[in-house]
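Here's the letter readout for the chains.
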Amino acid sequence: RPAPSRRMRAAPLRHLVLLIAVSCAAWADAALFAPASLAARAGLAASALSGDAARCPAGQPAVFRATCSAAASRRASAAPVAMAASVNPMSPGSLVALVTPMHPDGELDLDALRELLRWHVASGTNGVVALGTTGEASVLSMDERAAVLRVCQQELAGKLPLMVGTGTIDPKHVIAMNEQALEFGADACLVVTPYYVKPTQLGMIEFFRTVADATPLPMLLYNVPGRTAADLKPETVAVLARHERIFGIKEATGDLDRVKALRDLCGPDFMLLSGEDSNAFEFTLLGGDGVISVTSNVAPELQARIFAAALAGDAAAARSLNAPLERLHQRLFLQANPIPAKWAVQRMGRCGSGIRLPLTPFDEAFHASLEEALREALCLEAAPAAAK
């Protein structure tokens, strides 16, 4: 692993500066979220890092698919923000938060996983996020993670970028999972804020920096306070955006006002992905780069079309294409994710019924409601034609 950076050795002094700039006691004061205040506070925090401005390693430009040019031109007039260049290996658009197929006894179904990946490649999905919450990563062993990653590597290399969920509370464990992901050719990692322990903003800065400094794997931050009880504030994200390996954030608060705040603070090249299917196309129209989607598990082709339209700035087309999915976006969360999503993928004939405790099978009382939404989205009519 790399030796501790000068930034890590100077931690005590930086702690004091960042504590003043970022972790003020008035975080909850709504007045502080006015754009002018956001910019001022982010500038103060960034000044503490001026001696550590990172440079993007030579020969590693951002990698984008065809929709990227539309996203770039859409933001060409954005006000410049001084940020360190970061390597972005992911494509904008519709990235699937992939379920992990299991047999009825809960054992991994790697054949079904392989077919799901081939289906996503054929359907135009812009990227795969494996081993996240939707993939039940918290109940998989390191050996099981390796088995999933091996199949992903075999099926996606040279076709779609792979992001791997590696978030947990202990940074040493996150680093170990990042090292494993690198071994299997992952393009990026998705790291959630430490959950349950309720860290401060300063604590989250140090957590993400420690992880990002430890391996060369590019990192997407993940903010989902509804699950973690820790909200990564836009000003804090602006500080982290200066790290050469932190290229974006999955923002799952559902708050569309965050798009402008994050874009203003973090600059036009910092990747903003929604984690809220119900308003993700609106998030994208406001300046985001797409979605990490549960819905894409069952409607990948339509989702890819929706986000291609949104990235091109075609609001009418995006809204029209999204209309058949409105019920589905909601009903895939009738119970805790991924319970309904796994049932939906099973109902489409693409995986078995397996799910692991503490999650339990989808309540039969909700079956008809979710099936109605699947039929309205034409998902059942499309099953199960996996690409060979």
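Residues numbered from 1 in each chain as written. Predicted model: local features only at pLDDT ≥ 70, side-chain atom pairs only at ≥ 80, totals over all residues. Heavy atoms only, no water.

> Summarise the overall build of the protein; cite the residues concerned and give the values.
What the protein contains, in helices and strands, is 17 helices and 8 strands. Burial status across the protein gives 54% buried among its 388 residues. Taking as baseline every contact in the protein between residues at least 6 positions apart, the subset at least 24 positions apart corresponds to 76%. With the model as given, the accessible surface of the protein reaches about 15700 Å², and the carbon-plus-sulfur share is 57%. (Helix = DSSP H or I, 4+ residues; strand = E, 2+ residues; numbered from the N terminus. Buried < 20%, exposed > 50% of the residue type's maximum accessible area, 1.4 Å probe, protein only. Contact = heavy atoms within 4.5 Å. Areas by Shrake-Rupley, 256 points an atom, 1.4 Å probe, with all protein chains shown as cover.)

> Residue-level account of empty space enclosed by the protein, with values.
Overall, the coordinates contain 1 cavity of 30 Å³ or more when judged by the stated rule. Roughly 40 Å³ of volume is contained in the largest cavity. In this structure, the largest cavity is lined by Glu251, Thr253, Gly254, Asp255, Leu256, Ser274, Glu276, Asn279 and Phe283. The residue inventory of the lining of the largest cavity, partitioned by class, reads 2 nonpolar, 4 polar and 3 charged. (1 Å grid on protein atoms, 1.4 Å probe; cavity = no way out; pocket = protein on both sides within 12 Å on 5 of 7 lines; lining within 4 Å. Points joined across faces, edges and corners; volume = space filled by probe spheres on them. Nonpolar A, V, L, I, M, F, W, Y, C, P; charged D, E, K, R; others polar.)

> Explain the side chain of Asp289 to me, and be specific about the residues and the numbers.
Inspection of the secondary structure puts Asp289 in the loop between α12 (280-285) and β8 (290-293). Among the polar contacts listed, one links the side chain of Asp289 to the side chain of Arg263, at a separation of 3.2 Å. (Polar contact = N/O pair within 3.5 Å; in protein donor to acceptor, adjacent residues only side chain to side chain.)

> Could you give an account of the nonpolar core, naming the residues involved and the relevant values?
In summary, soluble globular proteins display a tendency toward joint burial of nonpolar side chains. Core analysis: the largest hydrophobic core is formed by 54 residues, its most contacted members being Leu162, Phe208, Met219 and Leu221. In contact with Met219, other than residues within four places in its own chain, are Cys189, Val191, Phe208, Val211, Ala212, Arg245, Ile246, Phe247 and Gly248. Listed in part, the 35 residues of the second largest apolar core include Val294, Leu321, Leu332 and Trp343. (Core = buried A, V, L, I, M, F, W, Y, C linked by side-chain atoms within 4.5 Å.)

> Any chance you could break down unusual backbone geometry for me, citing the residues and the numbers?
With the exception of glycine, most residues fall at negative phi, and the peptide bonds are largely trans. Here the amide bond leading from Asn337 into Pro338 is cis, since omega sits at 10 degrees, within 30 degrees of zero. Here Pro338 lies in the loop between α15 (326-331) and α16 (339-347). The peptide bond linking Leu357 to Pro358 adopts the cis configuration, its omega dihedral lying at 15 degrees. In this fold, Pro358 is placed in the loop between α16 and α17 (367-376). In this structure, Ala229 is a non-glycine residue whose phi angle is positive, near 65 degrees. Here Ala229 shows up in the loop between α9 (225-228) and α10 (234-240). The exposure class assigned to Ala229 is partly exposed, which follows from its relative accessible area of 46%. Positive phi values are uncommon outside glycine, yet Leu378 reaches one of about 65 degrees. Assignment of secondary structure puts Leu378 in the segment after α17.

> Outline the pairing of strand β2 (residues 127-130), listing residues and values.
Taking every second residue as pointing to the same face, both faces of β2 are buried, with Gly127 and Val129 on one and Val128 and Ala130 on the other. Bridge count between strand β1 (residues 93-97) and β2: 3 bridges; the pairing is parallel. Across the sheet, the residue bridging to Leu95 is Gly127, located in β2. What joins β1 to β2 is helix α5 (residues 110-123), and the crossover it makes is right-handed. Relative to strand β3 (residues 162-165), β2 runs parallel, the two sharing 3 bridges. The partner of Val129 across the bridge, within β3, is Met163. Each parallel crossover has a hand, and for β2 linked through helix α6 (residues 142-156) to β3 it is right-handed. (Pairing = 2+ DSSP bridges. Right-handed = clockwise from strand over helix to strand, strands pointing away.)

> Any chance you could break down the confidence of the model for the protein for me, citing the residues and the numbers?
Low pLDDT means the predicted atomic positions in that stretch should not be read closely. Of the residues in the protein, 76% reach a pLDDT of 70 or more, and the chain-wide mean stands at 84. Predicted confidence is poor over residues 1-12, with pLDDT under 50, and the contacts of this stretch with residues over four places away or in other chains come to 16 contacts. Every residue in residues 14-82 is under pLDDT 50, and counting partners more than four places away or in other chains gives 115 contacts. (pLDDT = per-residue confidence, 0-100.)

> Requested: an account of a nonpolar patch on the surface, with residues and values cited.
A grouping of Ile169, Tyr196 and Val197 is seen on the molecular surface, where their side chains present a nonpolar patch of about 330 Å² in accessible area. Locating Ile169 in the fold gives a position in the loop between β3 and α7 (171-183). Take Ile169: its relative accessible area is 32%, and that puts it in the partly exposed class. (Patch = residues over 30% accessible without salt bridge, like charges linked within 9 Å, V, L, I, M, F, W, Y side chains within 5 Å. Salt bridge = Lys/Arg side-chain N within 4 Å of Asp/Glu carboxyl O.)

> An account of the packing of aromatic side chains is needed here, citing residue identities and associated values.
In the structure shown here, the tally under the stated rule is 3 aromatic pairs. Both rings, one in Phe207 and one in Phe208, keep their centres 5.2 Å apart while their planes meet at 80 degrees; by these two values the pair is edge-to-face. The burial state of Phe207 is the same as that of Phe208; both residues are buried. Every member of this aromatic cluster is reached through a ring pair, and the members are Trp343, Phe362 and Phe366. The ring of Trp119 has Arg350 sitting right over it, with the charged end atom 3.7 Å from the ring centre. (Phe/Tyr/Trp six-rings, centres within 6.5 Å; stacked < 30°, edge-to-face > 60°. Lys NZ or Arg CZ within 6 Å of the ring centre and 35° of its normal.)

> Help me get a handle on the pattern of salt bridges, residues and values and all.
Throughout the structure, instances matching the rule amount to 16 salt bridges. Salt-bridge contacts for Asp231 lead to Lys233; the nearest nitrogen and oxygen are separated by 3.3 Å. There is no split in this pair, since Asp231 and Lys233 are both buried. Residues Asp264 and Lys260 are paired through a salt bridge, measuring 2.6 Å at the closest nitrogen-oxygen approach. Highlighted residues: Asp264 and Lys260, both in helix α11 (residues 257-266), separated by 4 residues, approximately one helical turn. You can call Asp264 partly exposed: its relative accessible area is 39%. Residues participating in the shared-partner salt-bridge network are Arg114, Glu115, Arg118 and Glu155.

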